[in-house]
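# Results of the structural survey
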Amino acid sequence: MSLFHATVRVTPRPGLLDPEGKAIHHALESLGYDGVGEVRVGKAITLEVEAASRDEALARVDEMCRKLLANPVTEDYRIELSEEEGGTP
Amino acid sequence: MSLFHATVRVTPRPGLLDPEGKAIHHALESLGYDGVGEVRVGKAITLEVEAASRDEALARVDEMCRKLLANPVTEDYRIELSEEEGGTP
Amino acid sequence: MSPTKTDQDAATPEAAPRPRPGDPEITPEVVADHGLSPDEYERVLRILGRTPTFTELGIFSAMWSEHCGYKNSKPLLRLLPTEAPWVIQGPGENAGVIDVGDGHALAFKIESHNHPSAVEPYQGAATGVGGILRDIFTMGARPVAVLDSIRFGDLDSGRNRYLFAGVVSGIGDYGNCVGIPNIGGEVFFDRAYDGNPLVNAMALGIMKREELIKGEASGIGNTLMAVGARTGRDGIHGATFASEELSEDADESSRPQVQVGDPFTEKLLLEASLELIRSGHIVGIQDMGAAGLTSSASEMAGRAGSGVVLEMSKVPVREPGMTPYEILLSESQERMLVVALRGREDEVRRILEKWELEAEAVGEVTDDGHFRIEENGRVVANIPALPLTDGCPTYEREGVESDEIRGLREQNLSEVLEPRGDLSAAFLDLMGSPNLASRRWIYEQYDTTVRTSTVVRPGGDAGVIRLPHGKRGVAATTDCNGRYCWLDPREGAKAAVAEAARNLVCVGALPTAITNNLNFGNPLKPHIYFQMREAVLGMAEACSLFETPVTGGNVSLFNETDGKAIYPTPVIGMVGVLDDVERALGHGFRDEGDAIILLGENREEIGASEYLYRNHDLVAGAPPLVDLVAERRLQHGVLAMVQKGILLSAHDCAEGGLAAALAESALADPERPLGLRVELHDRIAPVALFFGETQGRIVVSCAPDDVDEVLGMARNHGVPARVLGAVRAAEQGFRLDAPLGSIRVDTAALSERYFNSIPAIMDTDGDLPDAAGASHE
Amino acid sequence: MSVKLRVAVVTFPGSNCDHDCYRAFRLLDGVEPEFRWHREAELDGVDAVVLPGGFSYGDYLRAGSIARFSPIMESVVRFAREGGPVLGICNGFQILCEAGLLPGALLRNNGLRFRSHDVHIRVENPGTPFTSRYEPHQVLRVPIAHGEGNYHAAPEVLAELEGAGRIVFRYCTPDGTLSEAANPNGSAHHIAGIVNEAGNVLGMMPHPERAVEPVLGSSDGAPLFESLLDHLAAAAPHAGELTT
Ligand SMILES: Nc1ncnc2c1ncn2[C@@H]1O[C@H](COP(=O)(O)OP(=O)(O)O)[C@@H](O)[C@H]1O
Ligand SMILES: [Mg+2]
């Protein structure tokens, strides 16, 4: 068993209004930053999972996403995985 | 000027309580996932910035983080940058 | 200045702890870093009969901080009246308790979280609400309402907008999640609070009289259990920190002291605690608040006259490798210390488990009167409990009034009394001042109706909730005008008490008791100590006369940034009782044609007013004087009228004066603003007549048929009264006429100004969900 | 001996309107509300289920996302599929969506802030078990108190809701007009409450249980609970067999 470090990025689905992203965009503008394109805000959930292999770890986290971490009606997700101790992203 | 695509990852500072992470951890456990280590929840903010160079883009986003995107008292941030069209991460 | 307590016995030498490997050595610098003066350290040496260990030094430092030890305020607090037949629990416990009839007892208290909120407004304010709720439910009472009294610098600064937005959402999110309605509060903006916002939260709880429980560690051999959230490294030395001035780089240096609140855990802890208290398995319970485990354990021992021993390795921690020092001084939120009957530990655990929380036995009650700390069986601290909790030196200092402030108070204001420009325009402008405009933007972020007991929501003179079963109710309000207190602390404090009581009678409640939050600057400065002393004396005088004893409160000193102090701000949180909540009255006019009556007298006072600040950028002149006896007659009179059921509305005149009070009553229902026509015959300067903040005035309305009765009752109570005019339809405008000037504004324009001013400031920018505006300008 | 109808009010960790719902039923005759802890597995013969408001599991992650895995939810889903009336208010609505008993999702309010005040809602469908005592297009005044009430669903789902009369309440002005200003959270089609296809599961963001007595400012919510009891009384032949 190895320990894997996962980051799950949950983002509002394209086309869905993201009022928080809009508010940040607006604030950046009023702070004088122009040329800032669309801003979108999602969640980044980091967790550690034990699994025998990278594939197994991925499968487990994917299941967690489908069940709990993301709402399929409104959100997409993406998983990044790295093995603890010298794992590569 | 090129367009850069930035992802800012904002995470609660180590040592600070992350009640949301705690609740998710608890939920994963009661769904039968064991061996899930600490869960922490942060934000992932994506935005596009125009800049003459990669360094300039980084500097701009860094400033945005300090001014607005991250709360210096409770959050750390990390910036990932990629140039639009064929940029490398 | 001299310490006022005699020294206590030294600790028994045989149990003396040895220094822990890795702990810093005790040097004069280390002592100074812990905020102890050389004299205070001398006293520590005498109490212990030896050099303290590092752990012990930390314990003394926290317990003898201003926040826990009340070094500079205790002698002053003794001047306050604390007794009445209806007081069940006065100062000294987690919260005061009064009898409110029908077998119900009301626990209530106010608490400040000023410093944490200055550093991190959202979490600072949220954890402030969490802390005050725990003070209530550790008494055995179910929290039923929250109020918040908050102050900021002017909103033209992005930093102040950021603090204001963060504080309001922190208060809201926490209380909303736990499910406690917010029923009122106050907010005030003035440059005196730049860099030093005040965040005072008050909570009320209801229990049956016999359910009262105290924070005492009694019963030798009983088990101390840590309950609720785990202990982390957050907020270490918060109590000491709260007792120092903020400096320019406060944000940098105070990072590790930020505590993060978890209202969800609080809600579980609330239910579990009430269940525990009712179960009979425990004899005492206390919040691990300021100075965490240290203060809760030593105070519980101190109150019971017992001792305690705690084993550090048993305390559930969030992070590995925490030292006893860290565990003892952590201010992690949502934790409790419980004294369980010996042998009932499993029953306690079962109750906590049901609520998905932990309970761990961490020590026991002893008979040796010592606060003893062990780490894997090795003694790391051993301090006599009583000298630790009660032996903190207290200081009576000399107070001297500042010449500058006296000068401002005595400033001649006759020039500003001359009308300048258009009174109507001045009035419209004034009603858009953040100090007078509708506070809807704030309280619409607060759940005000959860628990289905809120009879009068925020927006009126005081909030009202009904008690379970039957018709009785409780009303509450917070009040204090810092400008009045700055210019004249004694009069200002009296005015705060008087206004609070006035607010309560307006909704039909009999004022019964107060809690207070003394927010001041650095008490070591004579002119600040003068403010404290004068304010306490004014408060004492008013409370005695109104028969509203003080059952508890909080002191927050050192509210200074770079040497500049806030206004002295002794916030009054007052509660009152209603026999029948169906009689509770609102402040809004009802219908066209209703008569508008003024109770009380107009005087030519303009000092310390919002008008002066806004129009002349001036905080000067004498604040309005309170005639306490006349005030009491007025309050009795209004209460009698409300109880008789002949009034349709009642509203007191406060900031912004008579014109503002009339406008607030006319605009009470945003969906149905009303107009009015009022004629005044006072031959006093119009700015004073319209905008002066003379005390002791209440605007009431009644049906035309009841005018004679209202005037008659006023006469019987010795209250000056006269009909001012009548409520009109919105289309007929808002018109005030006086011999020397008049105001005529369009109701719609007035309404727009009143309701939209704060949103217009806050909803543009500088008010993002998180760190917006955090950058220093 | 009169037999009382039984209504289960489910308490999740973090629920805070459970007592309010309980009380709303308590004010009526012929019904016995009972609290059910979320860990109980069985509903055990109750006539209706209420998922109350609050912050189950702190609303962490997404409102309702964790509560829907509570042990009792399996029974609630079964009960609903068998046609039993289920009422989800505020957080209860969010849980119903997360559990898939109702379509769509509740997003963060478009103004990004928690909103707590009275709103007006229009009864769009008086033909449900929860609304029979209301007139068509009757306007009610009830409080809201939520941070995530912005109803969202795919266009085809919205079309289906519209077409089948499954939108039960919409936010409106006091005179019943639909307007953006009267929509407190940005909900699609001004939706304040919807039912499932069979009509027996209602989810709504406003709090009818907080508007059941004049002293609280409004009693416009009371007929909702009365409607439900009418429905249960008419549809519960088994009620006579129970013992009290
Ligand atoms: N911070 C706050 N939280 C909740 N309610 C508030 C707050 N500030 C003001 N309010 C409410 O707004 C209304 C007006 O406040 P204020 O002008 O201080 O009233 P008054 O002068 O009658 O004491 C009151 O009902 C008060 O409870
Ligand atoms: Mg006031």
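These numbers were taken from a predicted model, which means no experiment stands behind them.

Below, the discussion takes up the relation of the copies chain B and chain A. Here the two chain copies are tied together by a rotation about an axis and a shift along that axis. Mapping chain B onto chain A is achieved by rotating through 180 degrees and translating by 0.1 Å along the same axis, at an RMSD of 0.2 Å. On this basis, the relationship between the two copies can be described by a two-fold rotation axis. When C-alpha positions in chain B are compared against the rotation axis, the closest is assigned to Lys43 of chain B, at 2.1 Å. Mapped onto chain A, 100% of the interface residues of chain B are again interface residues, and the two copies thus contact each other with one and the same surface.

All right, on to the sheet that holds strand β23 (residues 649–652) of chain C then. Sheet strands pair via backbone hydrogen bonds, and the direction of the pair is either parallel or antiparallel. Residues and elements named next belong to chain C. Taking strand neighbours across the sheet as the criterion, the seven strands line up as β23-β25-β22-β26-β24-β27-β28 in an open arrangement whose pairing is mixed. At either end of the open sheet lies a strand with only one pairing partner, and these are β23 and β28 (741–745). Within this sheet the neighbouring strands show an average axis-to-axis angle of 20 degrees, counted without direction. Sheet strands touched by helix α18 (residues 423–431): β27 (734–738) and β28. Its angle to β28, the strand with the most contacts, is close to 55 degrees. Helix α21 (residues 489–507) rests against β23 and β25 (698–702) of the sheet, and its axis sits at about 170 degrees to β23.

Before going further, it helps to spend a moment on the pattern of salt bridges. For the structure on display, the rule yields 82 salt bridges over all chains. Arg6 of chain D is the salt-bridge partner of Glu34 of chain D, the closest N and O atoms lying 2.9 Å from each other. Here Glu34 of chain D, found in strand β2 (residues 31–37), pairs with Arg6 of chain D, found in strand β1 (residues 5–11); they are 28 residues apart in sequence, far enough to count as distant. Residue Arg6 of chain D is classed as buried on the basis of its relative accessible area of 19%. Taking the shortest distance from any N to any O, the salt bridge between Asp230 of chain D and Arg133 of chain D comes out at 2.9 Å. Linking Asp230 of chain D in helix α5 (residues 222–235) with Arg133 of chain D in the loop between β6 (115–123) and β7 (139–146), this pair joins segments that are 97 residues apart in sequence. Overlapping salt bridges bring together Arg9, Arg78 and Glu80 of chain A together with Arg9, Arg78 and Glu80 of chain B as one network.

Closest axis-to-axis distance for the helix α2 (residues 54–69) of chain A/helix α1 (residues 19–30) of chain B pair is 11 Å, and the angle between their directions is 105 degrees. As the angle between them shows, α2 of chain A and α1 of chain B are arranged roughly perpendicular. On the side of α2 of chain A, the interface is formed by Met64, Leu68 and Leu69 of chain A, while α1 of chain B contributes Ile24, Ala27 and Leu28 of chain B. Looking at the contact of α2 of chain A with α1 of chain B, its residues break down into six nonpolar, no polar and no charged.

Moving on: the side chain of His38 of chain D. Along the chain, His38 of chain D turns up in the loop between β2 and β3 (48–51). Here Glu356 of chain C takes part through its side chain, which lies 3.4 Å from a polar atom of the side chain of His38 of chain D. Within the structure, the side chain of His38 of chain D is placed 2.7 Å from the side chain of Ser70 of chain D, a separation counted as a polar contact. Discounting residues that sit within four places of it in the chain, His38 of chain D has contacts with Glu356 of chain C together with Val10, Thr11, Phe12, Pro13, Tyr57, Ser70, Pro71 and Ile72 of chain D.

How each quantity is defined
- Residues numbered from 1 in each chain as written.
- Chains lettered and ligands numbered in written order.
- Predicted model: local features only at pLDDT ≥ 70, side-chain atom pairs only at ≥ 80, totals over all residues.
- Heavy atoms only, no water.
- Least-squares fit on C-alpha atoms with pLDDT ≥ 70 in both.
- Contact = heavy atoms within 4.5 Å.
- Pairing = 2+ DSSP bridges.
- Helix = DSSP H or I, 4+ residues; strand = E, 2+ residues; numbered from the N terminus.
- Axes fitted to C-alpha atoms, helices over the stretch in contact; angles between N-to-C directions.
- Salt bridge = Lys/Arg side-chain N within 4 Å of Asp/Glu carboxyl O.
- Buried < 20%, exposed > 50% of the residue type's maximum accessible area, 1.4 Å probe, protein only.
- Parallel < 35°, antiparallel > 145°, perpendicular 65-115°, else oblique.
- Nonpolar A, V, L, I, M, F, W, Y, C, P; charged D, E, K, R; others polar.
- Polar contact = N/O pair within 3.5 Å; in protein donor to acceptor, adjacent residues only side chain to side chain.

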